[in-house]
Amino acid sequence: MTFDLTPEQDQLRDAVRALGRRYGHGYFVEKAKAGEHTTELWAEAGRLGYLGVNIPTEYGGGGGGITDLAIVCEELAAAGCPLLLLVVSPAIAATVLSRHGTEEQRKRHLPGLADGSQKIVFAITEPEAGSNFHRLGTVARRDGDGWLLNGRKCYISGVDEAGHVLVVARTEDSSTGKLKPALFLVPTDAAGLTRSKLDMEIVSPENQFLLYLDDVRVPADALLGESLDAGLPALFAGLNPERITVAAMGAGTGRYAIERASEYTATRKVWGGRSIGSHQGVSHPLAHAAVQVELARLMIQKAATLYDAGRDLEAGVAGNMAKYAAGEAAALAVDTAVQVLGGAGMTTEYGVATLLGAVRAGRIAPVSREMILNFVAQHVLGQDKSY
Ligand SMILES: Cc1cc2nc3c(=O)[nH]c(=O)nc-3n(C[C@H](O)[C@H](O)[C@H](O)COP(=O)(O)OP(=O)(O)OC[C@H]3O[C@@H](n4cnc5c(N)ncnc54)[C@H](O)[C@@H]3O)c2cc1C
């Protein structure tokens, strides 16, 4: 296994970094605080082909892999623009569609995802089921040649920006016993689909919603894939890209915070002529955070490389570990940056405290640190399932 990026991937990294820096964290925060979206950045990233790097060329994408999309996620975050919807739309929805959608679904949706003109968000979490997806209560019932969906979803990101939401449901005949999920492409303006915005303590231009599905009728071709059997593999197909790209976003955020903090501590002088960064009580926590972020990056690269090589099971282990490591490293890096900046750390101007909510959420979503530890304990260490 080689970790070297191709010359094209190096160029992609440089180009995305340049785009991100042109917008920067100030833009991201301004949009968030105004209750607006990063529409301009998203549109430009789409035009330049960065949102579709992992989508097959025949559907308007770049034909690359998750390594490429992870580069996009990391570099935008490292420029202070951690865009959560990259994880939802290009990583989850585009992968699920590319791998398991019908030809007609791929043709209809992928070109818009690739150029950024369309977003598809993802709804699995439910109030009662929480981390236990086997308890999903959203039910799809056959209705003539279509389907009727009923249920509730929570914390669903970006519904206000998307044309469709990929809803994970169980079919009526599988309401008991093991989950046999089915995925449905539901237009966000479908009759019976309503939403209410959740107030979250995260400075973010992307919003989370409660979704109510009350007799939402969708046609037969809203079912993702050729048959109901596509549901489970489609659901699993989205997991590795989700974990790897959210980890990349965390690593990028960590880099961003450490860079801001290092610039500050190298020049800030409060004891004679020496910078505060010359004190090891300041520089060591920063150096420690930098080590953690770099270790997480290594794991992300491993997971992405395995995934792109088609080694899904190994990528699953590495992707979970990468997500865990990056979530912890990002939270540590931002918290440390706030601390070494002193009072400036809590201002909006210095642009690090604005990330506290986001990195804290990164230890909970899309899969919590505890559920990853459960996975590792069970699948790597061979322990009995505890729940
Ligand atoms: C900012 C944000 C964006 C989100 N976006 C989306 C989205 O777009 N689409 C979507 O579907 N969902 C989304 N989510 C939901 C997210 O995936 C869930 O919050 C997450 O999976 C945890 O589920 P829960 O909140 O129900 O926690 P719970 O399952 O209620 O868990 C609560 C706590 O208990 C712990 N816990 C639970 N079970 C166990 C166990 N067996 N062993 C040890 N610990 C356990 C958990 O780790 C957690 O710390 C988002 C959440 C956030 C915060």
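Residues numbered from 1 in each chain as written. Predicted model: local features only at pLDDT ≥ 70, side-chain atom pairs only at ≥ 80, totals over all residues.

(A) Looking closely at the overall build of the protein. The number of helices and strands found in the protein is 10 helices and 9 strands. Relative to the globule expectation of 21 Å for 387 residues, the C-alpha radius of gyration of the protein, 21 Å, shows essentially globular dimensions. When the backbone C-alpha atoms are referred to their principal axes, the protein occupies close to 80 × 50 × 40 Å. Sorting the 387 residues of the protein into buried and exposed places 49% on the buried side. Taking the contacts inside the protein whose residues are at least 6 apart along the sequence as the reference set, 72% of them involve residues at least 24 apart. (Helix = DSSP H or I, 4+ residues; strand = E, 2+ residues; numbered from the N terminus. Rg over C-alpha atoms; globule rule 2.2 N^0.38 Å. Buried ≥ 20, exposed ≤ 12 C-beta atoms within 10 Å, placed from the backbone. Contact = placed C-beta atoms within 7 Å.)

(B) Representation of the domain arrangement of the protein within the structure. In terms of domains, the protein is made up of domain 1 (7-119), domain 2 (122-228) and domain 3 (232-379). Domain 1 and domain 3 are separated by 20 Å when their C-alpha centres are compared. Domain 1 puts 25 residues into the contact, and the matching count from domain 3 is 25 residues. (Domains from an automatic or database assignment.)

(C) Spotlight on the site of the ligand. The full set close to the ligand counts 23 residues, and Gly130, Ser131, Ala365, Ser368 and Glu370 are the nearest of them. If you list the elements that add at least two residues to the shell around the ligand, you get β1 (120-123), β3 (146-157) and α10 (369-379). Here the shell around the ligand is composed, by residue class, of 15 nonpolar, 7 polar and 1 charged. Per-domain counts for the shell around the ligand show at least three residues from each of domain 2 (122-228) and domain 3 (232-379). (Near = placed C-beta within 6 Å. Nonpolar A, V, L, I, M, F, W, Y, C, P; charged D, E, K, R; others polar.)

(D) Here's a closer look at the packing of helix α8 (residues 312-340) against α10. α10 packs onto α8 with a crossing angle of 145 degrees between their chain directions and a minimal axis gap of 10 Å. Crossing geometry of α8 relative to α10 is assigned as left-handed. Where α8 abuts α10, its residues Val317, Asn320, Met321, Lys323, Tyr324 and Gly327 lie against Arg369, Ile372, Phe375, Val376 and His379. (Axes fitted to C-alpha atoms, helices over the stretch in contact; angles between N-to-C directions. Left-handed = near helix turned anticlockwise from the far one by under 90°.)

(E) How the structure looks around the nonpolar core. Counting 119 residues, the largest nonpolar core has Phe184, Ile300, Ala322 and Val334 as its most contacted members. Contacts of Val334, omitting those with residues within four sequence positions, involve Thr253, Ala257, Val352, Leu355, Leu356 and Val359. (Core = buried A, V, L, I, M, F, W, Y, C linked by C-beta atoms within 7 Å.)

(F) The arrangement of the packing of helix α1 (residues 7-33) against helix α3 (residues 66-78) in detail. Where α1 contacts α3, the two axes come as close as 8 Å, and the packing angle between them is 30 degrees. When the axes of α1 and α3 are compared, the pair comes out roughly parallel. Seen along the crossing, α1 lies across α3 with a hand that is right-handed. Side by side, α1 and α3 meet where Gln9, Leu12, Arg13, Val16, Arg17 and Gly20 of the first sit next to Thr67, Asp68, Ile71, Val72, Glu75, Leu76 and Ala78 of the second. Here the contact of α1 with α3 is built from residues that sort into 6 nonpolar, 3 polar and 4 charged. (Parallel < 35°, antiparallel > 145°, perpendicular 65-115°, else oblique.)

(G) Focus on α1. For α1, built from 27 residues, the straight-helix expectation of 39 Å at 1.5 Å per residue is met to within 8% by its first-to-last C-alpha distance of 38 Å. At Gly24, α1 is bent by approximately 60 degrees, the largest bend along its length. Summarising the contacts, the buried residues of α1 are in contact with α3. Looking one or two places after α1, you find Gly35, whose phi comes out positive at around 70 degrees. (Expected span 1.5 Å × (residues − 1). Bend = angle between axes of the 7 residues up to and from the residue.)

(H) A look at unusual backbone geometry. Residue Pro366 is reached from Ala365 by a cis peptide bond, and omega for that bond is -5 degrees. Notably, Tyr155 is not glycine yet its phi reads approximately 60 degrees, a positive angle. The topology assignment puts Tyr155 in strand β3. What makes Tyr155 partly exposed here is the crowd of 19 C-beta atoms within 10 Å. Positive phi values are uncommon outside glycine, yet Asp215 reaches one of about 50 degrees. Inspection of the secondary structure assignment puts Asp215 in strand β7 (residues 208-218). Judged by C-beta crowding, with 12 C-beta atoms within 10 Å, Asp215 ranks as exposed.

(I) Examining the environment of Ala365 more closely. Mapped onto the fold, Ala365 is located in the loop between α9 (356-361) and α10. Through-space distance from the C-alpha of Ala365 to that of Arg243 is 9.6 Å; in sequence the pair is 122 residues apart.

(J) Molecular detail of the pairing of β7. The pairing of β3 with β7 spans 8 bridges and is classified as antiparallel. Residue Arg152 lies in a different strand from β7, and its bridge partner there is Tyr212. Of the strand pairs in this sheet, strand β6 (residues 193-197) and β7 are connected by 5 bridges, and their pairing is antiparallel. Looking across to β7, one finds that Thr194 is bridged to Tyr212. (Pairing = 2+ DSSP bridges.)

(K) Fine view of the environment of Arg363. Secondary-structure assignment places Arg363 in the loop between α9 and α10. For the pair Arg363 and Gly112, spaced 251 residues apart in the sequence, the C-alpha separation amounts to 31 Å.

(L) Spatial organisation of the pairing of β1. With burial as the criterion, each face of β1 is covered, one bearing Ile120 and Phe122 and the other bearing Val121 and Ala123. Relative to strand β4 (residues 164-171), β1 runs parallel, the two sharing 4 bridges. Its bridge partner lying in β4, Ile120 is registered against His164.

(M) Quick look at the environment of Ala318. Note that Ala318 resides in helix α8. Residue class for Ala318 comes out buried when judged on the 24 C-beta atoms lying within 10 Å of it. C-alpha separation for the pair Ala318 and Ile92, spaced 226 residues apart in sequence, amounts to 17 Å. Once residues lying within four places of it in the same chain are set aside, the contact partners of Ala318 are Met299, Lys302, Ala303 and Leu306.

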